[in-house]
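Architecture and fold: a report
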Amino acid sequence: LKSHLIWRDPSSVMAFFRRARELRARRYGAVLDASRLMQSAWLTYLSRPGRGIGLRLTRKLGPLTIDQLGYLYTDEVSVDLHTHMVRQTLALLTPMGIAPASDRIEFAPAAADRLTATAWLSAHGVQPDQPYAVIHPGAKWPPKRWHADRFQLLSRRFHARGMAVLLVGDAN
């Protein structure tokens, strides 16, 4: 079983079709499209996998509303939009007969990584036993962005509970 995460960032229509041709040459047995984007659905279709599995969601395409993409996927999975996104994404495994053992995400850094992080936190005023919250205020897409005053309010609530607040992100 090989797994690849493909980031699509075509600079042009031609680049999009070049990417599709590259993916088709890899001859994937299955492609699981968790992106929820029309471009990714088309990329899944054009890569011609043995199985193209995507989520059955209502998508907006300008003034059009599209309820199904069965013509682009071999399998469309219906999900409850009120459940956590992790559960929605794990649902993509069901057409292949795979039942996830858990929907819990675990992050287990190595001992050396924990020491490095503890040293960095201490150097920035966070004590080893002090609870902290990590906030990433950025988002690429404007609809996913919060206003700065909401982050300020959230940070104040964490501080009121004795937590340090760490802001992370990039230059953008």
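Higher on the page you've got the structure.
Quick look at the structure, then. (Residues numbered from 1 in each chain as written. Predicted model: local features only at pLDDT ≥ 70, side-chain atom pairs only at ≥ 80, totals over all residues. Heavy atoms only, no water.)

A short note on the overall build of the protein
Each helix and strand counted, the protein has five helices and seven strands in total. Secondary structure elements of the protein, listed N to C terminal, follow the sequence α-β-α-β-β-β-β-α-α-β-α-β. Relative to its length of 172 residues, the protein is extended, with a C-alpha radius of gyration of 21 Å against a globular reference of 16 Å. With the C-alpha coordinates aligned to their principal axes, the bounding extent of the protein is approximately 55 × 40 × 35 Å. Split into buried and exposed, the 172 residues of the protein put 25% on the buried side. Here the analysis covers contacts within the protein between residues at least 6 apart in sequence; of these, 43% occur between residues at least 24 apart. With an accessible surface of roughly 13,000 Å², the protein has 57% of that area assigned to carbon and sulfur atoms. (Helix = DSSP H or I, 4+ residues; strand = E, 2+ residues; numbered from the N terminus. Rg over C-alpha atoms; globule rule 2.2 N^0.38 Å. Buried < 20%, exposed > 50% of the residue type's maximum accessible area, 1.4 Å probe, protein only. Contact = heavy atoms within 4.5 Å. Areas by Shrake-Rupley, 256 points an atom, 1.4 Å probe, with all protein chains shown as cover.)

Here's the deal with the side chain of S155
In this structure, S155 sits in helix 5 (residues 148-160). Note on S155: relative accessible area 15%, which makes it buried. Among residues more than four places away in sequence, those in contact with S155 are I135 and V165.

Quick notes on helix 2 (residues 38-46)
Buried within helix 2 are the following residues: M38, S40, A41, L43, T44 and L46. Where helix 2 is buried, its residues meet helix 1 (13-26), strand 1 (30-33), strand 2 (51-56), strand 3 (59-61) and strand 4 (64-66). A positive backbone phi angle near 55° is found at R48, which sits one or two residues after helix 2.

Examining the packing of helix 1 against helix 2
Viewed as axis vectors pointing N to C, helix 1 and helix 2 meet at an angle of 45°, and their least axial separation amounts to 8 Å. Of the possible angle classes, the one that applies to helix 1 and helix 2 is oblique. Taken as a pair, helix 1 and helix 2 cross one another with a handedness that is right-handed. In contact with F16, F17, R19, A20, L23 and R24 of helix 1, helix 2 contributes Q39, W42, L43 and L46. Here the residues of the contact of helix 1 with helix 2 sort into seven nonpolar, one polar and two charged. (Axes fitted to C-alpha atoms, helices over the stretch in contact; angles between N-to-C directions. Parallel < 35°, antiparallel > 145°, perpendicular 65-115°, else oblique. Left-handed = near helix turned anticlockwise from the far one by under 90°. Nonpolar A, V, L, I, M, F, W, Y, C, P; charged D, E, K, R; others polar.)

Looking at the packing of aromatic side chains
For any pair of aromatic rings, the description consists of the separation of the ring centres together with the inter-plane angle of the planes. Here the structure, examined in full by the defined rule, presents four aromatic pairs. On the numbers, 5.1 Å between centres and 50° between planes, the contact of W146 with F151 is tilted. The class for W146 is partly exposed, based on a relative accessible area of 43%. Put simply, the rings of W42, Y45 and Y71 pair up and form one aromatic cluster. (Phe/Tyr/Trp six-rings, centres within 6.5 Å; stacked < 30°, edge-to-face > 60°.)

Let's talk about the pairing of strand 1
Of the two faces of strand 1, the one holding V31 and D33 is buried and the one holding A30 and L32 is not buried anywhere. Bridge count between strand 1 and strand 2: four bridges; the pairing is parallel. Bridged to L32 within strand 2 is I53. Handedness of the strand 1-helix 2-strand 2 crossover: right-handed. (Pairing = 2+ DSSP bridges. Right-handed = clockwise from strand over helix to strand, strands pointing away.)

This is a description of form; function is not addressed.
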